[in-house]
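Below, each chain spelled out in residue letters.
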Amino acid sequence: MHATEFLLPTRFGTGGLGGCYAPETLMQPLLDLEEAFRMALDDPSFRVELKSELRHFVGRPTPLTSATRLAAKFGLQGLFLKREDLTHTGAHKINNAMAQALLARRMGKSEIIAETGAGQHGVAAAAACARLGLKCTVYMGVTDMARQAPNVARMRLFGTKVVPVEAGQGTLKEAVNEALRAWAARCDKAHYILGSALGPHPFPTMVRTFQTVIGEEARAQMLEQTVSLPDAVIACAGGGSNGLGLLVPFLGDDLHRFAVEAGGHGSALGEHAARLDGGRLGVLHGCKTLLLQDQHGHTAETASISAGLDYPALGPELAALALDGKIEVLRASDAQALEAAQWLCESEGILPALESSHALALLPELAKRGFATVLLGLSGRGDKDLSTYQSKLGI
Amino acid sequence: MHATEFLLPTRFGTGGLGGCYAPETLMQPLLDLEEAFRMALDDPSFRVELKSELRHFVGRPTPLTSATRLAAKFGLQGLFLKREDLTHTGAHKINNAMAQALLARRMGKSEIIAETGAGQHGVAAAAACARLGLKCTVYMGVTDMARQAPNVARMRLFGTKVVPVEAGQGTLKEAVNEALRAWAARCDKAHYILGSALGPHPFPTMVRTFQTVIGEEARAQMLEQTVSLPDAVIACAGGGSNGLGLLVPFLGDDLHRFAVEAGGHGSALGEHAARLDGGRLGVLHGCKTLLLQDQHGHTAETASISAGLDYPALGPELAALALDGKIEVLRASDAQALEAAQWLCESEGILPALESSHALALLPELAKRGFATVLLGLSGRGDKDLSTYQSKLGI
Amino acid sequence: MNKLLPFIMAGDPSLAALPQLLAEAKALGIEALEIGLPHSDPIADGPVLQAAAHRAIQRGATPLRVLEMLAGLTESPDLILFTYLNPLLQIGADRLLDLLWPTPVKALLVVDLPDSEEAEFEAKLRTAGFPMIPLLSPTTDIERAKGLLERRPDPGPGHPFAQRFAYVVARLGVTGTGDTTDLAPVRERVAALKAISDRPLAVGFGLSDSAAMAEVRAMGATPVIGSALVQALANGGGLVDILRSRMNG
Amino acid sequence: MNKLLPFIMAGDPSLAALPQLLAEAKALGIEALEIGLPHSDPIADGPVLQAAAHRAIQRGATPLRVLEMLAGLTESPDLILFTYLNPLLQIGADRLLDLLWPTPVKALLVVDLPDSEEAEFEAKLRTAGFPMIPLLSPTTDIERAKGLLERRPDPGPGHPFAQRFAYVVARLGVTGTGDTTDLAPVRERVAALKAISDRPLAVGFGLSDSAAMAEVRAMGATPVIGSALVQALANGGGLVDILRSRMNG
Ligand SMILES: Cc1ncc(COP(=O)(O)O)c(C=O)c1O
Ligand SMILES: Cc1ncc(COP(=O)(O)O)c(C=O)c1O
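Being a predicted model, the structure only gives us computed values, none of them experimental. Residue indices begin from 1 for each chain and proceed along its sequence in written order. For naming, the first written chain is A and the first written ligand is 1, with later ones following in the order written. For this predicted model, a pLDDT threshold of at least 70 governs which residues receive local features, and a threshold of 80 or more governs which side-chain atom pairs are given and counted, while totals over whole chains, interfaces and linings are taken from all residues. Excluded from the side-chain calculations are hydrogens and water; all other atoms, namely the structure's heavy atoms, are used.

### Let's talk about the overall build of chain A
Working definition: helices are DSSP H or I runs of at least four residues, strands are E runs of at least two. Numbering for both runs from the N terminus. Along its length, chain A carries 17 helices and 14 strands. The quantity called the radius of gyration is restricted to C-alpha atoms. Its globule counterpart is 2.2 Å times the number of residues to the power 0.38. On C-alpha atoms alone, chain A measures out to a radius of gyration of 19 Å, which is about the 21 Å that the 2.2 N^0.38 rule sets for 395 residues. By principal-axis analysis of the C-alpha atoms, chain A measures approximately 60 × 45 × 45 Å. Each residue is placed in one exposure class: buried if its accessible area under a 1.4 Å probe, protein chains only, is under 20% of its type's maximum, exposed if it is over 50%, and partly exposed if it falls in between. Scored against the burial criterion, the 395 residues of chain A give a buried share of 72%. Note on definitions: a residue-residue contact is assigned when non-hydrogen atoms from the two residues lie within 4.5 Å. For chain A, restricting intrachain contacts to residue pairs at least 6 apart in sequence, the fraction spanning at least 24 positions comes to 74%. Here the accessible surface of atoms and residues is derived via Shrake-Rupley with a 1.4 Å probe, and residues count as covered only by protein chains that are part of the display. For chain A, the exposed surface amounts to about 11,400 Å²; the carbon and sulfur share of it is 51%. For the purpose of charge, His is not counted, nor are the chain termini; Lys and Arg are scored as positive and Asp and Glu as negative. Think of each charge as sitting on NZ of Lys, CZ of Arg, CG of Asp or CD of Glu. The average position of the 37 basic charges and that of the 41 acidic charges among the side chains of chain A differ by 3 Å.

What follows is the structure, encoded as structure tokens:
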């Protein structure tokens with residue numbers, strides 16, 4: 001039996017972002033995927049299995065760390081870090097990768113395809129596949145392979161085949177292109193584990209669903225540890241799975257929500273990956289969303305010191321929430337992110353991923369705006385970025 | 001007021017291993033340290049503070065992962081991994097480093113001195129110091145600095161001064177020498193955070209006490225997850241803090257306990273770090289224990305692919321337990337450890353530290369001996385060893 | 001029956017050569033031709049068409065310049081504008097229609113636009129005489145195919161092939177040369193489709209030699225030659241030579 | 001009062017030179033001398049003595065060969081064997097005594113052996129006439145010092161300086177040259193120790209020039225010259241020259 005139509009909403013917000021702009025070859029696989037996803041969510045045995053893997057393999061719940069010294073540095077009353085850096089493989093990506101790998105196994109798929117930018121999703125997918133005995137192929141841009149070399153080695157150690165993508169800038173966008181092509185060729189046997197809340201329906205919804213565990217845990221932990229909610233919640237946003245994962249569970253609360261994009265090294269098109277100001281609505285990789293593009297509708301080049309934020313499109317749900325005023329989108333430059341990483345290292349003994357450092361960089365701004373307590377999503381650890389930190393910070 | 005005598009037992013086992021063979025300059029600091037340690041353990045506020053840091057910063061309890069695919073590979077019925085690799089900074093070392101840093105703060109010390117081999121203890125001490133606002137200096141052999149370069153960068157990012165130790169083989173032994181010397185010079189202001197269950201009293205007892213959280217958690221988790229205890233418990237042993245941390249809470253149980261030493265690349269003196277067969281009782285770094293030494297009582301050279309096991313002395317308590325037949329000590333060679341790392345990577349999607357891989361390497365042997373369920377201490381993650389894995393495994 | 005449906009990438013080898021190429025195709029008796037509007041992210045294309053699109057963009061073959069170049073051409077087969085949605089979306093339906101009127105474009109094939117996703121945009125174009133060609137792939141079962149063919153209906157025998165046909169994707173994957181060797185599955189699908197519709201069918205993806213073309217014709221469908229043609233043109237081959245051999249048999 | 005307590009590392013510059021050096025020291029009027037038995041892991045020594053020990057070991061100055069070299073020497077000051085525990089422990093008390101009898105060694109200073117740790121071993125040596133010299137450091141408060149002096153007692157005026165003195169460590173840290181500049185704290189400690197014991201005191205760690213030596217003498221204690229002497233000998237200096245200038249003042 002094949003699913004014949006989508007039953008979950010495919011669009012987000014008043015602008016109707018999202019959708020499923022996929023080649024026909026992928027339509028049935030996407031329909032089947034949505035069905036499998038819905039069935040799995042309704043199946044207590046899947047939920048138990050996922051919960052068990054998240055707890056016993058991934059290391060959930062991740063801690064909520066009170067960062068008192070860093071808070072004091074900016075005059076914040078309280079700063080709480082949601083520690084996705086402590087998950088197995090070192091970033092929030094594993095929450096989604098493991099869930100989708102379990103889903104793939106349920107669907108009888110024996111192969112996994114994935115793309116990766118920073119390599120964290122690739123490593124997460126590789127780890128999940130090794131654990132479940134699935135064959136895994138990861139597509140990665142050559143630029144990203146160079147700047148996140150340790151992650152390439154980690155994937156290979158997990159038995160994953162890493163395919164270099166030479167096209168274009170050799171970053172995440174090209175990796176997604178290539179993964180989509182590979183999936184079209186193998187969609188009968190393979191599941192495509194997309195790594196962020198982007199792509200055609202049902203990926204954005206599915207990935208967000210698998211990531212809201214971050215915010216759900218954090219919300220409960222805030223209440224447990226401080227008996228109140230923070231004044232502001234902030235997370236970095238590449239595709240947006242980390243941002244949505246943390247922020248969505250706080251949508252009903254009376255507090256400020258922030259997502260931080262990569263400001264790169266300038267404000268001209270091509271010098272950053274800040275889609276809110278710099279982008280227009282467009283369609284890329286199967287969904288309609290805020291997109292950095294030129295006047296011809298061609299995807300623009302992007303720049304960011306952090307591979308994981310270096311992507312021209314904001315995930316559609318996050319873009320919709322931003323356009324509808326429910327999440328405020330800010331940006332941090334390469335230089336600001338580097339400085340912020342040092343703050344956290346020296347004040348709290350935590351080495352953040354370059355991606356997460358973009359959220360940290362906005363702390364002085366939040367303090368200036370008068371927020372007293374802040375919850376910040378530390379999406380990953382910075383081990384993968386060591387060589388960048390070394391060369392840029394002269395360590 | 002100064003403490004005038006030790007009140008805790010300073011010796012272990014029927015052989016009376018351990019003791020406090022320290023230069024007079026360090027005797028009063030060691031007496032004061034024992035007193036502070038005893039007071040802290042008796043002080044509920046210290047226990048609360050430590051527990052809170054372990055939970056909210058370090059990420060305890062660490063998961064117990066059922067490794068079914070790896071178990072099946074060797075015909076084991078069950079294999080359970082105690083995931084110290086998921087702690088903040090990536091190895092069990094942080095349990096002790098954070099506890100001692102809190103103790104140092106209580107003692108009014110503003111500076112920390114530490115030695116490191118694999119760099120994991122150094123990184124852990126650096127992180128704990130950054131978090132508590134203590135000045136930190138880490139001594140590290142030049143050979144270890146080269147083979148564990150990422151950890152050097154991590155320490156420096158945390159604001160720690162890493163002092164290269166050129167002497168001898170440039171490994172852990174020389175780093176301890178130099179840290180002891182530095183402590184003698186600064187013992188009025190500085191606390192020395194020793195990184196393993198070795199050195200003069202009270203260090204072996206103190207470090208073991210701060211590490212048994214591993215085994216206590218694991219024992220409770222085994223009972224919770226399998227309703228029974230394993231047939232065998234196994235951990236690698238450098239100084240022995242990880243081994244004792246896991247094994248001591250199982251000493252009263254009717255099961256087999258194993259510690260695994262570094263077999264290096266041969267069985268002649270100088271080619272390994274296997275102290276049980278290769279060593280004789282002797283005194284090094286303040287304690288009497290099994291020691292690799294030549295006929296003159298000079299410390300012998302050692303060799304191991306894993307910096308964290310590359311140390312000529314077994315911690316005195318572990319040595320005593322081995323000599324008294326309570327823990328069986330085995331060895332794994334460099335080549336076996338490398339192969340075992342690959343097993344875990346490919347079967348479970350977990351990249352083990354080279355140290356932990358030594359324990360993994362004995363799984364076939366345990367299966368052959370008829371143990372059905374095994375609990376294994378995964379002392380750390382292998383990110384620090386990536387370049388070794390890459391070059392040795394041709395990744 | 002239409003013997004061959006060639007695909008060329010606008011702007012490759014050059015934009016200036018386009019009128020000449022189209023004129024040659026028409027002179028050869030080619031009734032309809034797919035013209036690729038180069039896009040930065042051709043997710044359904046293999047290496048050959050990716051590279052061609054990339055070269056074309058480098059040489060300035062922007063959507064506007066391509067459509068302007070086509071404006072007023074009469075010596076051309078009917079054209080099917082083959083592209084991705086975003087460039088068209090950025091132009092907008094109204095302006096796009098203004099641009100399309102003066103060209104030989106008769107229909108559009110937008111690879112990443114399922115019929116439901118931009119209903120208003122698509123309806124505007126269809127109403128104005130620019131229907132979207134339905135794609136049917138190996139993952140499209142017969143029930144789904146029925147729906148697709150209904151929702152992008154055949155305007156009927158009074159209309160040219162370019163507006164009527166459905167595109168049958170020969171195999172899983174992306175466009176590319178010469179790797180669809182076993183045509184048995186597509187033969188079955190063509191037969192099944194013919195049983196539910198008498199719409200003309202084109203079969204493409206991975207066909208390159210005359211033998212494959214002949215096999216498709218034997219199914220009663222029009223073979224598409226895409227990557228193989230683009231590659232040959234890029235290598236300096238002449239359109240007439242390349243196509244002539246593949247039109248017979 | 002003993003004017004100067006020199007330290008030399010056995011085997012550096014060479015083991016063969018040792019008898020000659022000792023004879024020179026004796027001729028100079030040196031009553032007692034600390035002789036370092038080189039150890040692989042000298043945790044209480046600074047760079048100069050570490051390097052000297054390392055050179056000596058490289059040149060084959062094993063504990064046995066050093067003690068054999070000392071056997072039968074008469075032209076020598078009284079020697080205090082200055083070393084770390086492990087080499088002695090490996091030899092064992094009985095054998096060690098056999099080795100010590102024929103030498104000018106009168107006492108031992110084992111840096112890493114607190115009086116409680118190897119009671120049996122230490123008692124055997126003491127009973128046989130080889131007492132352990134107590135060390136008193138800046139971290140040793142006066143109460144603790146009392147205990148240390150009691151547990152390693154002065155054998156009394158009938159015994160040579162080498163067996164009677166206590167070693168006062170001038171500053172925190174390890175052995176090394178010329179960095180103990182402020183002698184006020186050690187002066188206070190020496191005064192306090194003199195108030196509780198009339199045992200001879202030697203003061204060492206970081207003393208190198210004649211001025212420092214003189215200051216120590218002014219406290220009523222014997223200055224130790226260690227690293228500075230070892231370094232000078234390693235640089236090719238003559239023992240007599242180096243010591244003579246530091247014996248007066
Ligand atoms: C550590 C880390 N944080 C954040 C991101 C961005 O994630 P998202 O695409 O979910 O916004 C990435 C992506 O690789 C990452 O590795
Ligand atoms: C990951 C890891 N495991 C084990 C060890 C050895 O630890 P121990 O000295 O506690 O036996 C080390 C030491 O650095 C380590 O880093």
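### Re the relation of the copies chain B and chain A
To line up the copies, we fit them by least squares on C-alpha atoms, keeping just the residues with pLDDT of at least 70 in both. Rotating chain B by 180 degrees and translating it 0.0 Å along the rotation axis places it on chain A, where the RMSD comes to 0.0 Å. The operation mapping one copy onto its partner corresponds to a two-fold rotation axis. It is Leu86(B) whose C-alpha, among those of chain B, lies nearest the rotation axis, at 3.1 Å. Most of the interface of chain B is mirrored in chain A, where 100% of its interface residues again form contacts.

### Focus: the pairing of strand E12 (residues 287–291) of chain B
Across a regular strand the side chains alternate sides, sitting on one face of the sheet and then on the other. All names here are of chain B. Judged by how many residues are buried, E12 sits mostly within the fold: five of five residues are covered. In this scheme, strands are said to pair when DSSP sees at least two bridges between them. In terms of strand pairing, strand E11 (residues 280–284) meets E12 through five bridges, oriented antiparallel. Looking at the pairing, Gly282 lines up with Thr289 of E12. Hairpin connection of E11 to E12: two residues between the antiparallel strands, including His285 at a positive phi of 55 degrees.

### Quick notes on the interface of chain B and chain D
Counting from both sides, the interface comprises 35 residues of chain B and, opposite them, 35 residues of chain D. It is Glu24(B), Arg181(B) and His298(B) in chain B that bury the most area against chain D; as a group they hold 26% of the surface buried on that side. By salt bridge we mean one thing: a side-chain nitrogen of Lys or Arg within 4 Å of a carboxyl oxygen of Asp or Glu. There are four salt bridges connecting chain B and chain D. A salt bridge links Glu118(D) to Lys288(B); its shortest N-O distance comes to 2.7 Å. We define a polar contact as two N or O atoms separated by no more than 3.5 Å, with the added condition that, inside protein, one atom must be a possible hydrogen donor and the other a possible acceptor, whereas residues neighbouring each other in sequence contribute only through side-chain atom pairs. Viewed at the interface, chain D and chain B are joined by 22 residue pairs in polar contact (both at pLDDT 80 or more). Put simply, the parts of the chain that give the side of chain B that touches chain D at least two residues each are helix H1 (24–42), helix H8 (172–186), E11 and E12 of chain B. The greatest single-element share of the side of chain B that touches chain D, amounting to seven residues, is contributed by H8(B). When grouped by side-chain class, the residues that make up the side of chain B that touches chain D number 15 nonpolar, twelve polar and eight charged. In short, buried area is how much 1.4 Å probe accessible area vanishes from two parts on joining, totalled over both. By the convention adopted, Pro, Cys, Tyr, Trp, Phe, Met, Ile, Leu, Val and Ala count as nonpolar, Lys, Arg, Asp and Glu as charged, and the other residues, Gly among them, as polar.

### Re the interface of chain B and chain A
If you look at the interface, chain B gives 44 residues, while chain A gives 44 residues. Buried surface at the junction of chain B and chain A, both sides included, amounts to about 3,500 Å², of which 58% is carbon and sulfur. When the area that chain B buries against chain A is broken down by residue, the three leading residues are His56(B), Arg131(B) and Leu157(B), summing to 19%. Linking chain B with chain A are eight salt bridges, by the criterion used here. Residue Arg154(B) pairs with Asp383(A) through a salt bridge whose shortest N-O separation is 3.3 Å. Counting across the chain B and chain A interface gives 24 residue pairs in polar contact (both at pLDDT 80 or more). Those elements that place two or more of their residues in the side of chain B that touches chain A are helix H2 (44–58), strand E3 (64–66), helix H5 (120–132), helix H7 (149–157), helix H10 (213–226), helix H14 (334–348) and helix H17 (386–393) of chain B. With five residues, the top contributor of residues to the side of chain B that touches chain A is H7(B). Split into classes, the residues belonging to the side of chain B that touches chain A amount to 20 nonpolar, twelve polar and twelve charged.

### Quick notes on the site of ligand 1
Residues and elements named next belong to chain A. Near, as used in this document, describes a residue that has one of its heavy atoms within 4 Å of the molecule or strand being considered. Looking at ligand 1, there are 19 residues lining it, with Ser196, Gly238, Gly239, Ser241 and Ser379 nearest. Gly240 has a polar backbone atom sitting 2.8 Å from an oxygen atom of ligand 1. Protein chains shield 97% of the accessible area of ligand 1, which is 390 Å² for the free molecule. In terms of residue class, the shell around ligand 1 is made up of six nonpolar, eleven polar and two charged. For each domain, the first and last residues come from an automatic or database assignment. When we break the shell around ligand 1 down by domain, the ones giving at least three residues each are domain 1 (22–55 + 93–208) and domain 2 (59–90 + 211–393).

### Side note on the sheet that holds strand E7 (residues 161–165) of chain B
All names here are of chain B. Across the sheet, four strands lie side by side as E7-E6-E5-E8; this open sheet has parallel pairing. Whereas interior strands pair on both sides, the edge strands pair on one side only; in this sheet they are E7 and strand E8 (190–193). The sheet shows a mean angle of 25 degrees between the axes of neighbouring strands, taken without regard to direction. Relative to strand E6 (residues 135–141), strand E5 (residues 111–116) is paired through six bridges, and the arrangement is parallel. Bridging from a neighbouring strand, Ile113 pairs with Thr137 of E6. Of the strands in this sheet, E5, E6, E7 and E8 touch H8, which is tilted by about 165 degrees from E5. For helices, the fitted line uses only the C-alpha atoms of the stretch in contact; every axis is such a line through C-alpha atoms, and the angle between N-to-C directions lies from 0 to 180 degrees.

### What about the pattern of salt bridges?
Counted under the stated rule, the structure contains 81 salt bridges over all chains. Here Arg11(A) ties to Glu117(C) by a salt bridge, and the two come within 3.2 Å at their closest N and O atoms. Here Arg11(A), found in strand E1 (residues 11–12), pairs with Glu117(C), found in the loop between strand E4 (105–110) and helix H6 (119–127), and the two come from separate chains. For Glu117(C), a relative accessible area of 12% puts it in the buried group. Taken together, the salt bridges that share partners define one network made up of Arg154(A), Arg381(A), Asp383(A), Arg154(B), Arg381(B) and Asp383(B).

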